[in-house]
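Chain by chain, the residues run as shown.
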Amino acid sequence: MRFIPTRFHAPLDYIVGAVLIAAPWLFQFSGSGAATAVSVVLGSGLIVYSLFTDYELGLWKVAPMAVHNLIDIVAGALLAVSPWLFGFADDGANAWMPFVVIGVAAIFLGLTTKQAGGYRYGRPRVDTAGSTAR
């Protein structure tokens, strides 16, 4: 069941992307090259594909929300298993826990976010007939 509106999902994409990029220094695992690379690459990727998503905060509305949700699921799964896949699971909980938590959250959001956007941020505009639209 898809119950999370895209107007909630959209800002989270940019916030989580920035957190992933900063995670090696926030969670003090920047000494692990693999963990740092995975975090920065997936965080940057999240921001890039969000810019191309057809939702409220997409700059170039090319990819439908259904595709974005599918990418979230795949990227979330990759993020969640990356500590074991890329060999940094033994570097301490500060190195693997953010990947698992954010990965599972991304899978959840990808499975539960509505498939179409439509909400517009800002003041409502009034058309010539006098009705209000967002």
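Anything mentioned here points back to the structure above.
Since this is a predicted model, take the numbers as computed values, not measurements. (Residues numbered from 1 in each chain as written. Predicted model: local features only at pLDDT ≥ 70, side-chain atom pairs only at ≥ 80, totals over all residues. Heavy atoms only, no water.)

Undergrad: Can you help me understand the overall build of the chain in this one?
TA: What the chain contains, in helices and strands, is 4 helices and 2 strands. Reading the secondary structure of the chain in the N-to-C direction produces α-α-α-α-β-β. Considering the chain as a whole, with its 134 residues, one finds that 34% of them fall into the buried category. Restricting to contacts in the chain with at least 6 residues of sequence separation, those with at least 24 account for 61%. Accessible surface computed for the chain: about 7,500 Å², of which carbon and sulfur atoms make up 70%. (Helix = DSSP H or I, 4+ residues; strand = E, 2+ residues; numbered from the N terminus. Buried < 20%, exposed > 50% of the residue type's maximum accessible area, 1.4 Å probe, protein only. Contact = heavy atoms within 4.5 Å. Areas by Shrake-Rupley, 256 points an atom, 1.4 Å probe, with all protein chains shown as cover.)

Undergrad: Could you clarify how one ought to interpret the layout of surface pockets in this entry?
TA: One water molecule sets the probe size; rolling that probe over the atoms shows where empty space is left. One number sums up the size of the largest pocket: a volume of about 220 Å³. Val-16, Leu-46, Tyr-49, Asp-72 and Ala-106 are the residues nearest the centre of the largest pocket, which is lined by 17 residues in total. Among the secondary structure elements, those contributing two or more residues to the lining of the largest pocket are helix 1 (6-26), helix 2 (33-51), helix 3 (65-85) and helix 4 (93-112). In terms of residue count, helix 3 provides more of the lining of the largest pocket than any other element does, 5 residues in total. Broken down by class, the residue content of the lining of the largest pocket amounts to 13 nonpolar, 2 polar and 2 charged. (1 Å grid on protein atoms, 1.4 Å probe; cavity = no way out; pocket = protein on both sides within 12 Å on 5 of 7 lines; lining within 4 Å. Points joined across faces, edges and corners; volume = space filled by probe spheres on them. Nonpolar A, V, L, I, M, F, W, Y, C, P; charged D, E, K, R; others polar.)

Undergrad: Even after reading the chapter, I still don't get helix 2, so can you show me in this structure?
TA: Counting along an α-helix, one turn takes 3.6 residues, and residues three or four places apart therefore face a common direction. With 19 residues, helix 2 should cover 27 Å at 1.5 Å per step; its first-to-last C-alpha distance of 27 Å lies within 8% of that length. Three or more residues of helix 2 are buried, namely Ala-35, Thr-36, Val-38, Ser-39, Leu-42, Gly-43, Leu-46, Tyr-49 and Ser-50. Taken together, the buried residues of helix 2 touch helix 1, helix 3 and helix 4. (Expected span 1.5 Å × (residues − 1).)

Undergrad: Teacher, can you tell me more about the packing of helix 2 against helix 3 here?
TA: The geometry of a pair of packed helices is captured by two quantities: the angle between their axes and the separation between those axes. It is the contact of helix 2 with helix 3, at a shortest axis distance of 11 Å, that shows an interaxial angle of 175 degrees. Taken together, helix 2 and helix 3 sit at an angle that is classed as roughly antiparallel. Within the contact between the two elements, helix 2 uses Val-38, Leu-42, Leu-46, Tyr-49 and Ser-50 and helix 3 uses His-68, Ile-71, Asp-72, Ala-75, Leu-78, Leu-79 and Ser-82. Looking at side-chain class alone, the contact of helix 2 with helix 3 contains 8 nonpolar, 3 polar and 1 charged residues. (Axes fitted to C-alpha atoms, helices over the stretch in contact; angles between N-to-C directions. Parallel < 35°, antiparallel > 145°, perpendicular 65-115°, else oblique.)

Undergrad: Honestly, the environment of Ile-4 in this entry has me stumped. Any pointers?
TA: With respect to the helices, strands and loops of the structure, Ile-4 is situated in the segment before helix 1. With sequence-adjacent residues up to four places away left out, Ile-4 is seen in contact with Phe-108, Leu-109, Thr-112, Thr-113 and Lys-114.

Undergrad: Before we go on, may I ask you to explain the packing of aromatic side chains in this structure?
TA: Each aromatic ring pair is specified by the distance between its two centres and by the angle formed by the two planes. Under the definition given, this model contains 5 aromatic pairs. Consider the rings of Phe-3 and Phe-108, whose centres lie 6.3 Å apart with planes at 65 degrees: the pair is edge-to-face. Within this pair, whereas Phe-3 is found in the segment before helix 1, its partner Phe-108 is found in helix 4, the two being separated by 105 residues in sequence. Residues Trp-84 and Trp-96 carry aromatic rings whose centres are separated by 5.9 Å and whose planes lie at 50 degrees to one another, so their mutual orientation is tilted. On the criterion of sequence distance, the pair formed by Trp-84 in helix 3 and Trp-96 in helix 4 is long-range, its members being 12 residues apart. The class of Trp-84 is exposed, set by a relative accessible area of 52%. An aromatic cluster of three or more residues is present, and its members are Phe-29, Phe-88 and Phe-99. (Phe/Tyr/Trp six-rings, centres within 6.5 Å; stacked < 30°, edge-to-face > 60°.)

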